[in-house]
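Coordinate analysis (summary)
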Amino acid sequence: MSSVRPLFVVAGIGNGTGTGAATARLFAKSGYRVALISRGPEYLNKLAAEISQAGGEAAAFPLNDYTTPSIKSAFAALKSHWPSSPLRVAVFNAGYGVWKPFLDITEDEVRESIDTNVLAAFAFSREALLEFTKLELETANEGGVAGNARKRGTLIFTGATASIRGNVLTSAFSASKFGIRALSQSLAKEFAKQNIHVAQSIIDGGIITDRTKSHHNNPSWEADQDVRLDPNSIAKSYLHLVEQDSSAWTWEIDLRPAHEKW
């Protein structure tokens, strides 16, 4: 393989059946080297092996936690692993959800929500943006999808319905998701003049994964694409964001199945 290929990094792949993993697979097929950052080395290594066996190039960089030192260490490791590959796409897909009545939420749960959903997003963004700002505009000969888009890099955040609307049982989750949305908007405005694209997605509905299949235990729900999001379709929307040229950038995109109430 060529020594000069663009690099894609994603934080948060869960058990390998959701948005983070689907996006990693798609970008690997689209010519990117793929760096996987997440807790749980078993799923990370499994996904890296799957991508490599399919003809892509991926490496796992497991974390014990989403603290700033851990994220900085992961970025240092992936840059050392692929020193000639410019980082062009970064996706922050990590998350921690708390759905409880307000008076039942513990201090530890609030802290974990803020640490994972806000502080980790800051740390991840900083590392990605430090790399983007070192780069010239991407060129077509790198082999990525943004060669003619006049951008240095793209940073994408995975949000949720709770990013824009609080509800019963979502006080802690919404507070942190609102924070990520505000961060993404601020970064989009600050770095656009450097031709760095920052975008946020609102995932407004349930995503079909191994975990949601088990939770619903409903073959009709699984088979009906009108009522649940497909992570592969979300990944295609993320690829489209990266492809957007500098004359027409999206900051926020909301994705929902056709029959979702909103």
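Predicted model, so just to flag it, every value in this text is computed and none were measured.

1. Quick look at the sheet that holds strand 3 (residues 57-63)
- Pairing within the open sheet is parallel, and its 7 strands lie in the order 3-2-1-4-5-6-7. Each having just a single partner strand, strand 3 and strand 7 (252-255) make up the two edges of the open sheet. Adjacent strand axes in the sheet meet at a mean angle of 15 degrees when their direction is disregarded.
- Strand direction decides the pairing type here: strand 1 (residues 7-11) and strand 2 (residues 33-39), joined by 5 bridges, are parallel. Paired with Leu 7 across the strands is Arg 33, a residue of strand 2.
- Helix 1 (residues 19-29) contacts strand 1, strand 2, strand 4 (87-92) and strand 5 (153-158) of the sheet and is inclined by roughly 175 degrees relative to strand 1.
- Against the sheet, helix 3 (residues 68-81) makes contact with strand 1, strand 2, strand 3 and strand 4, and its axis sits at roughly 155 degrees relative to strand 3, the strand it touches most.

2. A short note on helix 8 (residues 231-243)
- When the terminal C-alpha atoms of helix 8 are compared, their 19 Å separation across 13 residues agrees well with the 18 Å that a helix rising 1.5 Å per residue should span.
- All of the buried residues in helix 8 are Pro 231, Ile 234, Ala 235, Ser 237, Tyr 238, Leu 239, Leu 241 and Val 242.
- Residues of helix 8 that are buried in the fold lie against helix 1, strand 4, strand 5, strand 6 (196-203) and strand 7.
- Taking the backbone nitrogen of Asn 232 as reference, a side-chain oxygen 2.8 Å away marks Asp 230 as the first, capping residue of helix 8.

3. Comments concerning the pairing of strand 4
- In terms of residue burial, strand 4 counts as a mostly covered element, since 6 of its 6 residues are buried.
- Two strands pair when backbone bridges link them, and strand 4 and strand 5 are joined in this way by 4 bridges, in the parallel orientation. Directly across from Val 91, in strand 5, lies its bridge partner Ile 156.
- Tracing the backbone out of strand 4, into helix 4 (residues 107-132) and back to the parallel element strand 5 gives a crossover that is right-handed.

4. Overview of the side chain of Ser 85
- Residue placement: Ser 85 occurs in the loop between helix 3 and strand 4.
- Only 2.6 Å separates the side chain of Ser 85 from the side chain of Arg 33, close enough to count as a polar contact.

5. So, the packing of helix 4 against helix 5 (residues 171-191)
- Two elements in contact, helix 4 and helix 5, have axes separated by 8 Å at closest approach and are oriented at 15 degrees. As judged from the angle between their axes, helix 4 and helix 5 are roughly parallel. The handedness of the crossing between helix 4 and helix 5 is right-handed. For the pair helix 4 and helix 5, the contacting residues are Ser 113, Asn 117, Val 118, Ala 121, Phe 122, Ser 125 and Leu 129 in the first and Ala 172, Phe 173, Ser 176, Ile 180, Leu 183, Leu 187 and Phe 191 in the second.

6. Topic: the packing of helix 1 against helix 2 (residues 41-53)
- Where helix 1 contacts helix 2, the axes come no closer than 10 Å and their chain directions differ by 25 degrees. Classed by the angle they form, the pair helix 1 and helix 2 counts as roughly parallel. In terms of crossing hand, the pair formed by helix 1 and helix 2 is right-handed. Here Ala 21, Ala 24, Arg 25 and Ala 28 of helix 1 come into contact with helix 2, specifically with Leu 47, Glu 50 and Ile 51.
- When grouped by side-chain class, the residues that make up the contact of helix 1 with helix 2 number 5 nonpolar, no polar and 2 charged.

Definitions and cut-offs
Throughout, a residue's number is its position along its own chain's written sequence, starting from 1. Local features in a predicted model are, by the rule used here, given only for residues with pLDDT of at least 70; side-chain atom pairs are given and counted only at 80 or more, and totals for whole chains, interfaces and linings are based on all residues. Only hydrogens and water are removed before side-chain values are computed, so all heavy atoms of the structure are retained for them. Paired strands, as defined in this entry, are two strands with at least two bridges between them according to DSSP. Secondary structure elements follow DSSP: runs of H or I no shorter than four residues count as helices, runs of E no shorter than two count as strands, and numbering proceeds from the N terminus. Every axis corresponds to a line fitted to the C-alpha atoms, with the helix fit spanning only the stretch in contact, and the corresponding angles, defined between N-to-C directions, vary from 0 to 180 degrees. Contacts: residue pairs with any heavy atoms within 4.5 Å of one another. Here the expected length of a helix is defined as 1.5 Å per residue gap, with one fewer gap than residues. Only protein chains enter the accessibility calculation, which uses a 1.4 Å probe; a residue is then buried when its area is under 20% of its type maximum, exposed when over 50%, and partly exposed in between. Two N or O atoms form a polar contact when they lie within 3.5 Å of each other; inside protein one atom must be a possible hydrogen donor and the other a possible acceptor, and for residues adjacent in sequence the pair counts only when both atoms belong to side chains. For the handedness criterion, the strands are oriented away from the viewer, and a crossover whose path from the first strand over the helix to the second runs clockwise is classed as right-handed. Every angle not falling under 35 degrees, over 145, or within 65 to 115 is termed oblique; those three ranges are roughly parallel, roughly antiparallel and roughly perpendicular. Less than a right angle of anticlockwise turn of the near helix away from the far helix marks a crossing as left-handed, whereas a clockwise turn marks it as right-handed. Ten residues, namely Ala, Val, Leu, Ile, Met, Phe, Trp, Tyr, Cys and Pro, are considered nonpolar, four, namely Asp, Glu, Lys and Arg, are considered charged, and the remaining ones, Gly among them, are considered polar.

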